[in-house]
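Structural description and commentary
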Amino acid sequence: METALIGCGAIGNVLARGIAEKIVDATLEVVYDNNHEKALSLLEFFQIKPKVAKDINEILESEVDLVIEAASIEAVKQYGPRILRSGKNLMAMSVGAFADVSFASEMEKLARENKVKIYLPSGAIGGLDALKSAAAGKIYKVTLRTTKPPKALENAPYLKEKNISLKDLKEKKLVFQGNALQAIRGFPANVNTAVAVSLAGIGAEKTTVEIVADPQSTRNIHEISAEGEFGKLYFKVENLPSPENPRTSLLAAFSAIATLKSITKPMVIGT
Ligand SMILES: NC(=O)c1ccc[n+]([C@@H]2O[C@H](COP(=O)([O-])OP(=O)(O)OC[C@H]3O[C@@H](n4cnc5c(N)ncnc54)[C@H](O)[C@@H]3O)[C@@H](O)[C@H]2O)c1
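Residues numbered from 1 in each chain as written. Predicted model: local features only at pLDDT ≥ 70, side-chain atom pairs only at ≥ 80, totals over all residues. Heavy atoms only, no water.

Topic: the packing of helix 1 (residues 10-20) against helix 11 (residues 250-264)
Contact geometry for helix 1 and helix 11: axes closest at 8 Å, N-to-C directions at 40 degrees. Judged by the inter-axis angle, helix 1 sits oblique to helix 11. The hand of the helix 1/helix 11 crossing is right-handed. Contacts between helix 1 and helix 11 pair I11, V14, L15, G18 and I19 from the former with A252, A253, F254, A256, I257 and L260 from the latter. (Axes fitted to C-alpha atoms, helices over the stretch in contact; angles between N-to-C directions. Helix = DSSP H or I, 4+ residues; strand = E, 2+ residues; numbered from the N terminus. Parallel < 35°, antiparallel > 145°, perpendicular 65-115°, else oblique. Left-handed = near helix turned anticlockwise from the far one by under 90°. Contact = heavy atoms within 4.5 Å.)

If you want it as structure tokens, here you go:
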């Protein structure tokens, strides 16, 4: 499979290295980043160098089968519809773009019309395979509990609005409880995981999100619990940051590689 990459930061680096080391059955033909230096820095991994695009049109006009976005929510909104219209599949790491329901349904419509697919990797979270299976029956309740060090939550609009300071926090504190829609607005840095859980399960309005600030925690911890016709599930991940970007979990970059593997392999594991 021939691919193109938009965004050559933390996730882009891990993914490009994976392709260069041939751990996936794909080639990287074109790379693009609005910071040209970042795109150039990926070339060192490759013997046969990908083309560095000057703008998005060079990707749209290329022959690639799949465009991988690892850039930003704005990039998905800006380029996503044009990628699908150009007849290319899209893998979007900035899953948060799909919190906008009208954008999400427009993208689904475009994918259907152009006979292409949109892949949204699990990213920093896990357990979505079981949650998707559970959603084939009735689900009564889904809760996503995210625990982060206070520093990682510091500039959240919700905390400013409610005048909550985490500066001298000595013990764990539940700082937010609400549905995923409210969580996305109040804590935009958690948007990717909240949207992924909502899309896999019962939607943002019905998904409960709890956000905990823990001064003892050095990891970003995500716990999913769900109850339904199937029984109960509980999943927990304690994420370490990626070396390039402390805000991005290494697992998110690995999930880009795993998704690419499942697209290109003849046998697919998991729901
Ligand atoms: N799904 C998940 O769980 C999950 C987890 C971590 C990160 N993410 C998302 O994946 C994306 C990439 O993460 P990262 O850690 O690699 O980020 P990063 O900041 O390390 O790298 C992003 C790169 O994209 C480039 N870029 C940004 N907007 C662009 C645009 N409009 N056009 C072209 N280039 C653009 C930047 O210059 C930068 O080099 C982010 O949106 C992040 O929120 C998702």
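Having seen the model, we can carry on.
Points about the site of the ligand
As a matter of local geometry, the ligand sits amid 25 residues, with D33, Y79, S94, A124 and T248 nearest to it. Residue M93 places a main-chain N or O atom 3.1 Å away from a nitrogen atom belonging to the ligand. In this structure, an oxygen atom belonging to the ligand sits 2.6 Å away from a side-chain N or O atom of S94. Look at the ligand: alone it shows 860 Å² of surface, and the protein chains cover 83% of it. If you map the ligand onto the pockets, it falls in the second largest pocket. With three residues, the single largest contributor to the shell around the ligand is helix 4 (residues 73-85). Residue composition of the shell around the ligand, grouped by class: 12 nonpolar, 11 polar and two charged. (Near = heavy atom within 4 Å. Polar contact = N/O pair within 3.5 Å; in protein donor to acceptor, adjacent residues only side chain to side chain. Areas by Shrake-Rupley, 256 points an atom, 1.4 Å probe, with all protein chains shown as cover. 1 Å grid on protein atoms, 1.4 Å probe; cavity = no way out; pocket = protein on both sides within 12 Å on 5 of 7 lines; lining within 4 Å. Sits in = over half its atoms within 2 Å of the grid points. Nonpolar A, V, L, I, M, F, W, Y, C, P; charged D, E, K, R; others polar.)

Re the pattern of salt bridges
A side chain with one charge may pair with a side chain of the opposite charge, provided their charged atoms come close. Enumeration over the complete set of coordinates arrives at seven salt bridges. Between E58 and K51 there is a salt bridge, and its shortest N-O distance comes to 3.2 Å. For E58, a relative accessible area of 15% gives the class buried. By relative accessible area, K51 is classed as partly exposed at 46%. Taking the shortest distance from any N to any O, the salt bridge between K54 and E58 comes out at 3.6 Å. What emerges from the salt-bridge pattern is a single network uniting K51, K54 and E58. (Salt bridge = Lys/Arg side-chain N within 4 Å of Asp/Glu carboxyl O. Buried < 20%, exposed > 50% of the residue type's maximum accessible area, 1.4 Å probe, protein only.)

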